[in-house]
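Understanding the architecture of this molecule
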Amino acid sequence: MTKENNHLALSRKYRPANLLKLLGQDVLVKTLGYAISNNKLAQSYLLTGIRGIGKTTTARIIAKTINCENPNIESDLPVACEICSNCVSFLKNNHPDILEIDAASRTGVDDVRSIIESAEYRPLLGRFKVFIIDEVHMLSKNAFNALLKLLEEPPMHTIFIFATTEVHKIPLTIISRCQRFDLKRFSKDGIKQLLSNVCNLESIDIEDSALAIISSKSDGSARDALSLLDQAIILGKSSNGERITETIVKDMISAVDRRIIMNFIDSLNKNDFAKTIEIVEEFYSKNTDFSIFINELLQSFAYITKKLLAPSFIEDEFCDIEQEILNFSKEFDLEFLQMAWQLCYKTQQNLKNSMNQKDVVIMLSSNMHHILSSKISAANISSGGSLLPEENENINIKKNFDNIDSYLIKLKHLKEFDLYYEILNNTNFIGYNNIGSITFVLQRQDRKLENRILESICSIYTGIVVEFEYDENFVSMKESIRKEVSSLDSVYKISKNFHGFKIVDILMES
Ligand SMILES: [Zn+2]
């Protein structure tokens, strides 16, 4: 390998050079191959898909192949010869008729006008003048209008290829004039295979599990996968010599050891809060970013849920912890898993604004412990038969929270008067949404009250996430009701007629 090759990024070195090498896009390859071989090209193409999936590469392959003077046919596909003057010029990146425009930096109507002007001239070297416009959704409205006129009556020698990650931002009038291809995300297996081939060609020794992690992290983008592999190779060389291990890759992408996550979930299952804190501390000793921890938790809870609902379901990524996941799916119920997932999801969003991520995660853990322990106690109460039938029913027949009033009425039925008044006097209720989360506002943090509310809601309702917010200028629920009542017409009339009239308290209807 030459020194130069050493520095060429793998994603560039292994960029597909022709339709044959374009993996995972069968429909596109077949359709384009047929169109090029049979001179049935459309005058404008639109390529959509996530970043790093090969849109620009595909555009370049089209441009090169249609201008090649002697294309070969391999496996029914036209393949550029790579040696004719057009191919050579293309490979040198200076083909006069293949113009790449980045719409992200050239968004204005003037930029499009210069394209229109240039389109009028016949190609200098090849058969077609090809305009590749990347990130085309970035064009301004006027620019799109100008472009539309061109697309309505394009000169015969021009081909337009638009690429975009955000097709919804492109006017329909433009889309309808293009032949559109939606490039597919690569499968994890497909990416792993690609990486494995590259490693063979480059004589790189890499653990299979390391490849699996990179494939999984690249989220369907071949370019991202190859860049990660590049980084892993550099790290591998600098750390232990030749072999790229799973540990190297995990360190590189700051992946959490799944074992830690499994221990964390196990501590929840065993209701061992001390152990939970210990695990969070252990993570903290080696990492600073808890978002990866929460992210792994989210994935794990999602997988446990899938396992619970479909035990035969298998995700390769989790193969090393398959047994634990299966066990957990037998230990936890769906309700807890859904709540845990939602709590983690919310926590993930809150982490960004937090100065102390560790405490946020510990509070999340306490929440989950609490949900689990109150479920246990609710189960004990209902099986103990010590409650009146009506109350028992309230605990057994769990429903989704519909509004705060019905919750307060339930508290009354359950004779939870203390809590009823505490909620009225010391909290306000600001939200219920149908993904199952409700929010209470307190003036300041009050763990005792918060825990009582949490426990009570968990014992009455299914799938509810309770959140608390704090507001110095907080107005209690009772105070809001008092204000509301005071502003009623009838009350206003009374206050007019009775000097010194005021509403002092709101009492529960007995
Ligand atoms: Zn050629």
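This structure is a prediction, so every number in the text was calculated from the model and none was measured.

Points about the packing of aromatic side chains
Enumeration over the complete set of coordinates arrives at 16 aromatic pairs. Seen in terms of ring centroids, F264 and F293 are 5.3 Å apart; in terms of plane orientation they differ by 90 degrees. Their pairing is edge-to-face. Remark: F293 occurs in helix α15 (residues 290-309) and F264 occurs in helix α13 (residues 258-269); sequence separation between them is 29 residues. Given a relative accessible area of 0%, F264 falls into the buried group. Judged by its relative accessible area of 0%, F293 falls in the buried class. Between Y303 and F313 the ring centres are 6.1 Å apart and the planes differ by 65 degrees, which places this aromatic pair in the edge-to-face class. Taken together, the positions of Y303 in helix α15 and F313 in the loop between α15 and α16 (322-331) put the pair 10 residues apart, joining distant regions of the chain. Classification of Y303 by relative accessible area gives buried; the value is 0%. Taken together through their ring pairs, the aromatic side chains of F264, F283, Y284, F290 and F293 make up a single cluster.

Brief notes about the side chain of T347
Along the chain, the position of T347 falls in helix α17 (residues 334-351). In this structure the side chain of T347 is engaged in a polar contact, spanning 2.7 Å, whose partner is the backbone oxygen of L343. Apart from residues no more than four positions distant in its own chain, T347 is found in contact with I294, V360 and L364.

Focus: the sheet that holds strand β6 (residues 158-164)
One open sheet accounts for five strands, arranged β4-β5-β6-β1-β7; its pairing is parallel. For this open sheet the edge positions go to β4 (98-102) and β7 (179-182), each flanked by a neighbour on one side alone. Direction aside, the axes of adjacent strands within the sheet are offset by 15 degrees on average. As defined by bridge partners, strand β1 (residues 44-48) adjoins β6 across five bridges and the pair is classed as parallel. In the sheet register, Y45 faces β6, and the bridge partner there is I161. Across the sheet, helix α6 (residues 109-120) lies against β4, β5 (129-134) and β6, angled at about 165 degrees from β5, the strand it touches most.

Quick word on the coordination of the zinc ion
With distances of 2.2 to 2.3 Å, the protein atoms coordinating the zinc ion are C68 (SG), C81 (SG), C84 (SG) and C87 (SG). For the zinc ion, the four donor atoms are set out with angles of 101 to 119 degrees between them, so the coordination reads as tetrahedral. If you list the donors of the zinc ion from N- to C-terminus, the spacing comes out as C-x12-C-x2-C-x2-C. One end of the pair, C68, is in the loop between α4 (55-67) and β2 (72-74); the other, C81, is in the loop between β3 (77-79) and α5 (85-91), with 13 residues separating them in the sequence. Residue classification places C68 among the buried positions, given a relative accessible area of 5%. You can call C81 buried: its relative accessible area is 14%.

A few points about the packing of helix α9 (residues 188-201) against helix α11 (residues 222-239)
Each pair of packed helices gets described by two things: the angle between the helix axes and the distance between those axes. Relative to each other, α9 and α11 sit at 40 degrees, their axes nearing to 10 Å. When the interaxial angle is binned, α9 and α11 end up oblique. Where α9 crosses over α11, the two elements pack in a sense that is right-handed. Only A222, A225, L226 and L229 of α11 make contact with α9, whose side of the interface consists of I191, L194, L195, V198 and C199.

As for α13
Look at α13: 16 Å from first C-alpha to last across 12 residues, which is about the 16 Å you get at 1.5 Å a residue. Within the sequence span of α13, burial applies to R258, I260, I261, M262, F264, I265, S267 and L268. Positive phi appears at N271, one or two residues downstream of α13, with a value of about 55 degrees.

Things to note about the nonpolar core
In terms of nonpolar packing, the biggest core is built from 51 residues, with V130, I161 and L229 touching the most fellow members. In terms of residues, this core owes the most to one element, α11, which gives seven residues.

Notes on a nonpolar patch on the surface
A cluster of nonpolar residues, I494, F498 and F501, forms a patch on the protein surface that exposes about 280 Å² of accessible area. Tracing the sequence through the fold places F498 in the segment after α24 (489-497).

With respect to helix α20 (residues 404-413)
The set of residues buried in α20 consists of I404, S406, Y407, L408 and L411. Its side-chain oxygen 3.1 Å from the backbone nitrogen of D405, N403 forms the N-cap of α20. Note on α20: the residue one or two positions beyond its end, K415, has a positive phi of about 60 degrees.

Remarks on the side chain of N67
With respect to the helices and strands, the residue N67 is situated in helix α4. Those residues in contact with N67 that sit more than four places away from it in its chain are N86, H95, I98, G126, R127, F128 and V130.

A word on the environment of C68
The spacing of C68 and V88 is 20 residues in sequence and 9.4 Å in space, taken between C-alpha atoms. Those residues in contact with C68, other than ones at most four positions away along the chain, are A80, C81, C84 and C87.

Here we look at the layout of surface pockets
Approximately 720 Å³ is the volume found for the largest pocket. As for the largest pocket, its lining consists of 30 residues, and the residues nearest its centre are S11, R15, P16, G54 and T57. In the lining of the largest pocket, the residues fall into 12 nonpolar, eight polar and 10 charged. A volume near 620 Å³ is recorded for the second largest pocket. Lining the second largest pocket are 22 residues, with N350, M363, N367, F468 and Y470 positioned closest to its centre. Contributions of two or more residues to the lining of the second largest pocket are made by α17, α18 (357-384), α22 (447-460) and β10 (465-470).

Some details on the pairing of β1
On a regular strand, one side chain projects to one face of the sheet and the next to the other, so that they alternate. β1 sits mainly inside the fold: five of its five residues count as buried. Burial of the side chains of β1 extends over both faces: S44, L46 and T48 are buried on one face and Y45 and L47 on the other. Note: β1 against β7, four bridges, orientation parallel. What sits directly across from T48, in β7, is D182.

Looking at the confidence of the model for the protein chain
Taken as a whole, the protein chain shows an average pLDDT of 84; of its residues, 90% reach a score of 70 or greater. No element of the protein chain has a lower mean pLDDT than helix α19 (residues 389-396), which averages 39, and none a higher one than β1, which averages 96. In the model, residues 1-6 has pLDDT below 50 throughout and makes four contacts with residues more than four positions away in sequence or in other chains. Counting interchain partners and residues more than four positions distant, the pLDDT-below-50 stretch residues 381-397 has 20 contacts.

Parameters and conventions
Residues numbered from 1 in each chain as written. Predicted model: local features only at pLDDT ≥ 70, side-chain atom pairs only at ≥ 80, totals over all residues. Heavy atoms only, no water. Phe/Tyr/Trp six-rings, centres within 6.5 Å; stacked < 30°, edge-to-face > 60°. Helix = DSSP H or I, 4+ residues; strand = E, 2+ residues; numbered from the N terminus. Buried < 20%, exposed > 50% of the residue type's maximum accessible area, 1.4 Å probe, protein only. Polar contact = N/O pair within 3.5 Å; in protein donor to acceptor, adjacent residues only side chain to side chain. Contact = heavy atoms within 4.5 Å. Pairing = 2+ DSSP bridges. Axes fitted to C-alpha atoms, helices over the stretch in contact; angles between N-to-C directions. Donors = N, O, S within 2.8 Å, 3.2 Å for Na, K, Ca; no water. Tetrahedral: all angles 85-135°; square planar, octahedral: opposite > 155°, others 65-115°. Parallel < 35°, antiparallel > 145°, perpendicular 65-115°, else oblique. Left-handed = near helix turned anticlockwise from the far one by under 90°. Expected span 1.5 Å × (residues − 1). Core = buried A, V, L, I, M, F, W, Y, C linked by side-chain atoms within 4.5 Å. Patch = residues over 30% accessible without salt bridge, like charges linked within 9 Å, V, L, I, M, F, W, Y side chains within 5 Å. Areas by Shrake-Rupley, 256 points an atom, 1.4 Å probe, with all protein chains shown as cover. Salt bridge = Lys/Arg side-chain N within 4 Å of Asp/Glu carboxyl O. 1 Å grid on protein atoms, 1.4 Å probe; cavity = no way out; pocket = protein on both sides within 12 Å on 5 of 7 lines; lining within 4 Å. Points joined across faces, edges and corners; volume = space filled by probe spheres on them. Nonpolar A, V, L, I, M, F, W, Y, C, P; charged D, E, K, R; others polar. pLDDT = per-residue confidence, 0-100.

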